[in-house]
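What follows is the residue order along each chain.
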Amino acid sequence: MDGGGVSLHNGICPGVIVATDPQGLRDVTAPTGVGAALWLRRPAASFQEWIDGLDPAQLPSARVVLTPETVPAVLTALFEAAGTPEGHQRDRLRDDIAVLARLFATVTGAPYLRLRLDVVTTDACRKFHLDAVTLRLVCTYRGPGTQYGAAARPGTEPAEVFAAPTGAPILIRGSLWPGTRETGLRHRSPPIEGSGVTRLVLVLDPLTGPDGD
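What comes next concerns the included structure. (Residues numbered from 1 in each chain as written. Predicted model: local features only at pLDDT ≥ 70, side-chain atom pairs only at ≥ 80, totals over all residues. Heavy atoms only, no water.)

Our focus in this paragraph is the sheet that holds strand E6 (residues 147-150). The strand order E7-E6-E9 describes an open sheet built from three strands, whose pairing is antiparallel. A single partner strand is all that each edge strand has here, and the edge strands are strand E7 (162-163) and strand E9 (185-188). Examined bridge by bridge, E6 and E7 share two bridges and lie antiparallel to one another. Paired with Tyr-148 across the two strands is Phe-162, which belongs to E7. (Pairing = 2+ DSSP bridges. Helix = DSSP H or I, 4+ residues; strand = E, 2+ residues; numbered from the N terminus.)

Here you go:
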C-alpha cells in the first residue's frame, strides 16, 4: 500500500528491535538507541480471512481501564455487544489480546492498562508523531499496520517509512520514557480515507491506578 505519497521500505528501521518471539519485545527497555520493538509475526490465514470478512459493525470498539487479569471477560462482553460471531476465531482474538496485555503489563510493571479497540476508516493520526506516554503497544488485526520511521530532526518527517505487518505487535516508546536520549522515531496511522478499508487496531497504555493515571 502506498502511504499517502510516501514509499514504504522493507528492511530494518534504525532504533527498532525486530523480535522473532514475544519475549523479544522486552528488549524495548534496552538502555540506549531503542525507540520501539516489533514482534515480526503473521496471523494464521484462517483467522485473517475471518476477521477481514466481518461486517465492520461486528468489530468491537471500546476504551476501557482494566487489569490484565480481567481482559478476557471484558473482551467477551465487548464481542457480545458488537455482535461479533462466536466461535474458534473469536476465541483466538480474545486470547491473543489477553496474552499481549499480560506481556505488556510485565514489561511496564503497570497494574492497570488502558485498552482501546479502534475501528478506523479515516485518516485519524495520519501525521508522524510521538505519543505522550512512557510506552504504547499497537497491534493492527485488520487492515494495514502502523507506519513508522526515524526523523533526522524534530519537526521533520522520516525519510524512509516502514510499516508493521498486519497482526504484528509493536511497542513504541513515548515522550515520557525516562532517562535516555530520544531516537527520533515517529509513527502514524496509515492514510486510508476513501479507500473502503476498515482497520481494527488494539492500543494498550500503562496506568498506575484505575482512574486513568
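Take Thr-84: it is sitting in the loop between helix H2 (71-82) and helix H3 (88-108). Judged by relative accessible area, Thr-84 falls into the buried class, the value being 3%. Here the alpha-carbon distance between Thr-84 and Tyr-148, two residues 64 residues apart in the chain, equals 30 Å. Residues in contact with Thr-84, not counting those within four places in the same chain, are Trp-50, Leu-54, Gln-58, Pro-60, Phe-79 and Arg-90. (Buried < 20%, exposed > 50% of the residue type's maximum accessible area, 1.4 Å probe, protein only. Contact = heavy atoms within 4.5 Å.)

Okay, a nonpolar patch on the surface next. The grouping of Ile-12, Val-18 and Leu-40 at the surface amounts to a nonpolar patch, some 280 Å² of accessible area in total. Relative to the helices and strands, Val-18 is located in strand E1 (residues 16-19). The class of Val-18 is partly exposed, set by a relative accessible area of 34%. (Patch = residues over 30% accessible without salt bridge, like charges linked within 9 Å, V, L, I, M, F, W, Y side chains within 5 Å. Areas by Shrake-Rupley, 256 points an atom, 1.4 Å probe, with all protein chains shown as cover. Salt bridge = Lys/Arg side-chain N within 4 Å of Asp/Glu carboxyl O.)

Spatially, E1-E2-E8-E5-E10-E4-E3 is the arrangement adopted by the seven strands of the open sheet, whose pairing is mixed. With partners counted over all chains shown, the strands left at the sheet margins are E1 and strand E3 (62-66), one partner each. Direction aside, neighbouring strands of the sheet carry axes that sit 15 degrees apart on average. Summarising the sheet, strand E5 (residues 135-142) and strand E10 (residues 199-207) pair through five bridges and their orientation is antiparallel. Paired with Leu-137 across the two strands is Leu-204, which belongs to E10. Relative to the sheet, H2 contacts E3 and strand E4 (112-120), its axis offset from that of E3 by approximately 155 degrees. Lying over the sheet, H3 contacts strand E2 (36-39), E4, E5, strand E8 (170-173) and E10, oriented at roughly 165 degrees with respect to E5. (Axes fitted to C-alpha atoms, helices over the stretch in contact; angles between N-to-C directions.)

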